[in-house]
Amino acid sequence: GGGGSGGGGGDEGKKEEKPLSAPVKKEEPPVEEEEPVKKEDPPSPPAKEEEPENAPAKKEEEPAKEDGPLSAAMVAGMLPDDMRRDVNTSVKPCDNFYEFTCGEWVERTVMTSDKTIITRSWDGADDAVREDKIDMFTKKYPVGDPFEKLTAWFKSCMNLEYIEAMGSSPLKPVYDRIDAVSTPEELRELLVFMMANSLPTPVMMDVSISVRNASQRVMMFNMGGIMLPDQTYYNVTWNNTWFGDDQATMRERTREFQTKLHMLAGLSPADAERTSNLTMSAETKFAQWMIDEPDLTDHRGPPLVNLTYVEVEYPKMPWRKIINAWSEGCKKFGQTCGQEILREENVLLMAATDFYTKMGMAMDDESIMSIAEWKAWYRTHYTYNVGPLLNHGFLELNLWLEKYATGVEGLPPRQHKCVLATTNGLSALSDQAFLAQHFPPEAKEDGWATLKRIKSSFIANLQEVDWMDNVTLARALVKAERMQLNLGSPSEYHMFHYPVSEKSYFENSGYAYQCKQLHTIRSMSEPVDNKSWQMRATTVNAYYDNGLNALFIPAGVMQPPFFSKDFSMPQNFGGIGAIMGHEMSHGFDNTGAKYDEDRKLQEWWSDDVKKEFKHRNKCIKNLYSGFKIAGKQVEGDLTLGENIADFGGLHIAYRAFLEWWAETKGKHVPVPQKEKVIFFSAYSQIWCQKERKKQQQLSIVNDKHSPSPFRSNGPVSQNKDFAEVFQCPAGAPMNPLHKCVMWEDALPHKEILTGLSAWDGGSFLREPSGGAKGADAPTVGRGTQQL
């Protein structure tokens with residue numbers, strides 16, 4: 001038997017029910033060879049203004065060795081070799097800090113054909129983890145060693161001869177189930193079968209913590225069924241108003257893709273065309289139902305209900321059969337799940353009530369949706385979902401569509417794909433092998449020391465915020481004190497064991513899909529624990545969970561260029577320290593601030609404090625809304641939470657570094673300017689990134705993170721410590737007279753920065769959103785924040 005765990009269990013090849021043209025995950029990014037975008041000249045400094053009366057008081061700083069701003073050459077000379085090689089000394093740090101710290105790296109980095117995004121930090125650490133995993137997955141283990149399953153899975157994925165020989169034949173059993181459907185009841189049985197095996201259906205399921213009761217897990221059902229980025233890509237109306245047909249080209253490209261997909265799977269050209277047309281018809285109906293779904297009036301989501309209520313409310317949907325199928329599935333693996341639902345506890349959250357009603361009616365009424373449309377939809381989405389597990393033709397066809405959507409030109413190396421497949425398929429074993437072989441105890445000890453230091457500084461900073469009244473501040477401090485820290489990995493793994501074959505990659509993946517879903521359902525029976533991980537230990541990322549008031553720093557991110565025992569302390573604080581501070585700040589961003597010290601989603605700030613908080617948020621929102629990249633405006637509302645966290649991460653990490661210096665070197669020993677320069681430069685180099693313009697344009701619409709130039713320049717330009725360290729003159733682009741201030745005691749004087757806000761980031765590129773998919777925020781329920 002093999003092992004799968006809660007953090008994973010799926011396969012990177014399995015296509016999730018997500019838009020075809022959505023931004024590609026960082027693990028398998030696509031790319032296009034394009035002419036580089038011409039870099040914009042740095043903006044001219046804004047006209048000097050008088051300091052506002054409520055401007056922040058400046059700290060005492062050691063005397064500057066030279067008058068005026070630090071030159072690029074002087075700053076570069078202070079940096080260690082691994083950082084110095086990436087700076088662009090033709091740009092002044094006070095004019096454009098991102099271009100100074102990252103310019104040479106961007107110029108030198110070559111975009112490979114299989115990527116749309118390359119990052120200095122994230123990809124650098126990912127590459128190192130991948131090499132460690134290749135060693136783990138190709139190692140010869142003793143007979144009977146649990147890690148043997150890792151090598152078996154990896155071999156099955158690398159067994160291209162067998163995969164090519166099988167062609168599309170692995171699809172036949174499910175095709176036979178779909179083709180046999182001829183009645184409404186058989187349609188319902190197909191829905192049960194697909195959901196039981198974690199295969200695509202228009203009904204989406206997840207398990208999360210209730211926002212009404214922070215100690216309870218609930219099962220959420222939501223609506224799905226479309227391939228395009230969102231429902232407005234279809235020919236639909238809203239309030240009887242037609243959206244227009246701006247996306248007809250993308251829709252036609254998708255229909256053409258579906259036709260080619262069915263031909264690859266064995267249909268004649270005529271049958272393939274007919275199937276794709278029927279699929280698009282079904283998707284358009286699903287999209288219209290999504291548009292028509294009533295808005296939720298309660299910010300906590302719909303009330304929790306039991307299984308009998310759901311059966312009565314939506315009688316044409318086979319809810320009980322679905323729950324029973326999951327329960328029986330768990331029994332086959334020696335597990336128990338779904339008992340809370342079968343006991344009629346109020347643990348179900350139905351997030352799309354009208355959608356389920358219409359779906360149930362459509363399975364009975366061919367005037368709403370024909371059985372032929374249903375069968376075509378299931379066949380198309382199943383084939384798309386598992387196509388990446390099949391032969392090279394399916395991979396090339398996916399590439400054909402992604403090239404149109406994102407600019408990708410080539411497939412990733414097969415070995416890279418199979419590292420991800422093995423990691424996701426056997427995530428618990430992969431984690432355990434990595435921790436045993438590549439995460440020494442001293443690395444964990446150093447990480448804990450840094451993380452505890454960051455939390456201590458975070459709390460100390462919060463205590464000094466004077467725009468909060470005493471009652472609100474006291475509750476905020478309780479929440480900060482209770483914030484659970486998690487580093488490295490879960491303390492234990494709960495695995496589903498299933499057979500792993502050296503021969504069949506497709507079969508291994510099928511087991512993994514099912515076990516991952518069953519593990520999710522079983523988690524409903526587990527007590528809510530603020531040590532419950534949603535990320536694999538090998539993930540190069542980090543996240544904060546509002547429902548748990550906890551942050552999670554995986555072992556994968558605890559390495560260069562974020563962290564190393566060989567780095568100086570300012571380099572570590574500017575790297576991993578800022579990441580940790582970022583995650584803590586999410587607990588008090590525009591979403592985290594809605595959760596109180598008991599993890600309940602409710603209003604708990606006084607009216608005056610809330611008003612001041614919104615005022616400061618508005619300053620940051622307006623600042624970022626003034627930024628442009630790839631010809632598009634940054635959306636300050638969309639990116640607000642991440643921008644607040646970036647501000648906080650930089651501010652808290654710098655404070656932690658200064659406190660560490662005072663404790664270890666002495667309170668009266670001044671911090672050398674060089675050490676401070678290294679800190680801020682290390683922070684900025686986290687965001688060095690190269691990205692294709694087409695992907696930039698997609699990301700600016702879909703990504704809750706700001707483009708990378710602004711993740712550096714935005715926070716440092718608003719940070720008075722940065723201006724003092726680099727001796728930036730007042731009014732310089734990186735030292736505007738009026739700053740947005742979040743977690744300090746000075747009020748922001750103006751709400752938009754004139755010089756910096758007009759700067760177009762040109763060709764500079766952004767950090768990919770998110771990390772492990774399992775840490776994404778559910779549509780309804782608790783929220784999860786991540787880098």
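These remarks concern the structure in this document. (Residues numbered from 1 in each chain as written. Predicted model: local features only at pLDDT ≥ 70, side-chain atom pairs only at ≥ 80, totals over all residues. Heavy atoms only, no water.)

1. Structural notes on the overall build of the chain
Short version of the rule: To qualify as a helix, a DSSP run of H or I must reach at least 4 residues; to qualify as a strand, a run of E must reach at least 2; elements of each kind are numbered from the N terminus. Residue exposure (1.4 Å probe, protein chains only): buried if accessible area is under 20% of the type maximum, exposed if over 50%, otherwise partly exposed. Throughout, a residue-residue contact means that at least one pair of heavy atoms, one from each residue, lies within 4.5 Å. Shrake-Rupley sampling with a 1.4 Å probe provides the accessible areas, and residues are treated as covered by the protein chains on show and by no other component.
Each helix and strand counted, the chain has 29 helices and 13 strands in total. A buried classification covers 60% of the 787 residues belonging to the chain. A separation of at least 24 residues holds for 78% of the contacts in the chain among residues at least 6 apart in sequence. Just so you have it, the chain exposes about 30100 Å², and 50% of that area is on carbon and sulfur atoms.

2. Focus: the pattern of salt bridges
The criterion, for reference: The term salt bridge refers to a pairing of a side-chain nitrogen on Lys or Arg with a carboxyl oxygen on Asp or Glu at a separation within 4 Å.
The final tally for this structure, using the stated rule, is 32 salt bridges. The salt bridge partner of Asp127 is Arg130, with a shortest N-O separation of 3.0 Å. Separated by 3 residues within a single helix, Asp127 and Arg130 lie in helix α4 (residues 122-138), roughly one turn from each other. The salt bridge involving Glu328 is made with Lys331; its shortest N-O contact spans 3.2 Å. With Glu328 and Lys331 both in helix α12 (residues 319-332), this residue pair falls 3 residues apart, about one helical turn. The partly exposed category is assigned to Glu328, whose relative accessible area is 42%. Owing to a relative accessible area of 51%, Lys331 belongs among the exposed residues under this scheme.

3. Describing the pairing of strand β9 (residues 550-554)
Worth spelling out the cut-off: By this definition, two strands are paired if DSSP reports at least two bridges between them.
Within β9, 5 of the 5 residues are buried, which leaves it mostly tucked inside the rest of the structure. Taking every second residue as pointing to the same face, both faces of β9 are buried, with Ala550, Phe552 and Pro554 on one and Leu551 and Ile553 on the other. Relative to β9, strand β7 (residues 484-488) runs parallel, the two sharing 5 bridges. The residue bridging Gly488 from the neighbouring strand is Pro554, located in β9. Bridge count for strand β8 (residues 543-545) against β9 is 3 bridges, and the pairing is antiparallel. Bridge assignment links Asp545 to a residue of β9, and that residue is Ala550.

4. Side note on helix α24 (residues 640-665)
Selection criterion: Any helix carries an expected span of 1.5 Å times its number of residues minus one.
Counted at 1.5 Å a residue, the expected span for α24 with its 26 residues is 38 Å, and the 37 Å between its end C-alpha atoms agrees. Most of α24 sits inside the fold, with 20 of its 26 residues counted as buried. One or two positions beyond α24, positive phi appears at Gly666, with a value near 120°.

5. Some points on empty space enclosed by the protein
Spelled out, the test is: Cavity and pocket criteria rest on a 1 Å grid covering protein atoms alone: a 1.4 Å probe that fits but cannot get out defines a cavity, protein on both sides within 12 Å along at least 5 of 7 lines defines an open pocket, and an atom within 4 Å of a point defines a lining residue. Grid points are joined across faces, edges and corners, and a volume is the space filled by probe spheres set on the points.
A complete count under the given rule lists 5 cavities of 30 Å³ or more for this structure. Each pocket or cavity is described by its volume, and for the second largest cavity that value is around 80 Å³. Every residue lining the second largest cavity is listed: Asp82, Met83, Arg120, Ser121, Pro561, Phe562, Gln571, Gly575, Ala682, Gln685 and Ile686. Elements that contribute at least two residues to the lining of the second largest cavity include exactly α2 (81-84), α22 (569-585) and α25 (673-685).

6. Some words on the environment of Lys155
Looking at where Lys155 falls in the secondary structure, it is placed in helix α5 (residues 148-158). The exposure class of Lys155 is partly exposed, given its relative accessible area of 44%. Each C-alpha atom of the pair Lys155 and Tyr505 lies 8.4 Å from the other, and the pair is 350 residues apart in sequence.

7. Some details on the environment of Glu293
Rules: N or O atoms closer than or at 3.5 Å make up a polar contact, with two conditions inside protein: a donor-capable atom paired with an acceptor-capable one, and, for residues adjacent in sequence, both atoms drawn from side chains.
Among the structural elements, Glu293 can be located in the loop between α10 (269-292) and α11 (307-313). Here the alpha-carbon distance between Glu293 and Asp354, two residues 61 residues apart in the chain, equals 6.0 Å. What Glu293 contacts, discounting residues up to four positions off in sequence, is Met223, Ala351, Ala352, Thr353, Asp354 and Phe355. A polar contact is formed between the side chain of Glu293 and the backbone nitrogen of Thr353, at a distance of 2.9 Å.

8. Description of helix α23 (residues 607-625)
Residues lying three or four places apart along an α-helix face the same way, a consequence of the helix completing one turn every 3.6 residues. The following threshold applies: Arc definition: directions from the helix axis to the C-beta atoms.
Between its terminal C-alpha atoms α23 stretches 26 Å, which fits the 27 Å expected from 19 residues at 1.5 Å a residue. Every buried residue of α23 is accounted for by Val609, Glu612, Phe613, Arg616, Asn617, Cys619, Ile620, Leu623 and Tyr624. Seen from one end, α23 has its buried residues packed into an arc of 145°, which puts them on one side. Across from the buried face of α23, at angles greater than 90 degrees, the exposed residues are Asp607, Asp608, Lys611 and Lys614.

9. Things to note about the state of the cysteines
Using the following cut-off: By disulfide we mean two sulfur atoms from cysteines, separated by a distance within 2.5 Å.
Considering all chains together, one arrives at 5 disulfides under this definition. Between Cys94 and Cys728 runs a disulfide, and the two sulfur atoms are separated by 2.0 Å. Handedness here is read from the sign of the S-S torsion; for Cys94 and Cys728, about -85°, the answer is left-handed. With a gap of 634 residues between them, Cys94 in the loop between α2 and α3 (97-108) and Cys728 in the loop between α28 (720-726) and α29 (754-757) connect regions that are remote in the sequence. Accessibility assignment for this pair places Cys94 and Cys728 in one class, buried. Across a sulfur-sulfur distance of 2.0 Å, Cys330 and Cys337 are joined as a disulfide pair.

10. Some words on the packing of aromatic side chains
Put simply, the rule reads: Pairing of aromatic rings covers Phe, Tyr and the six-membered ring of Trp, with a centre-to-centre limit of 6.5 Å; geometry is then stacked below 30 degrees between planes, edge-to-face above 60, and tilted otherwise. Geometrically, a lysine NZ or arginine CZ counts as sitting over a ring once it is within 6 Å of the ring centre and also within 35 degrees of the ring normal.
Summed over the entire model, instances satisfying the criterion amount to 46 aromatic pairs. When the ring of Phe257 is compared with that of Tyr384, the centres are 6.0 Å apart and the planes differ by 90°; the resulting orientation is edge-to-face. Taken as a pair, Phe257 in helix α9 (residues 248-264) and Tyr384 in helix α15 (residues 371-386) lie far apart in primary sequence, 127 residues in all. Summarising the burial analysis for this pair, Phe257 and Tyr384 share the class buried. Three or more aromatic residues link up through ring pairs in this structure, and these residues are Phe97, Phe100, Phe573, Tyr654, Phe657, Trp660, Trp661, Phe679, Phe680, Phe722 and Phe726. Geometry around Tyr175 places Arg379 over its ring, the cationic atom sitting 3.7 Å from the centre. The ring of Tyr404 has Lys694 lying over it, and the distance from NZ or CZ to the ring centre is 5.9 Å.

11. Quick notes on the side chain of Thr422
For Thr422, the position within the fold is in helix α17 (residues 414-425). With near-sequence residues (within four places) excluded, Thr422 lies in contact with Phe137, Leu150, Trp153 and Phe154.

12. Things to note about the sheet that holds strand β2 (residues 203-209)
Formally: Angles shown run from 0 to 180 degrees and are taken between the N-to-C directions of axes, each axis being a line fitted to C-alpha atoms and, for helices, limited to the stretch in contact.
Strand order across the open sheet formed by 3 strands is β2-β3-β6, with mixed pairing between neighbours. At either end of the open sheet lies a strand with only one pairing partner, and these are β2 and β6 (348-350). For this sheet, the mean inter-axis angle between neighbouring strands, taken without regard to orientation, is 25°. Direction of pairing for β2 relative to strand β3 (residues 217-223): antiparallel, over a ladder of 7 bridges. Within β3, the position partnered with Asp206 by the bridge is Met220. Along the sheet, helix α21 (residues 505-522) makes contact with β2 and β3, crossing β2 at roughly 45°.

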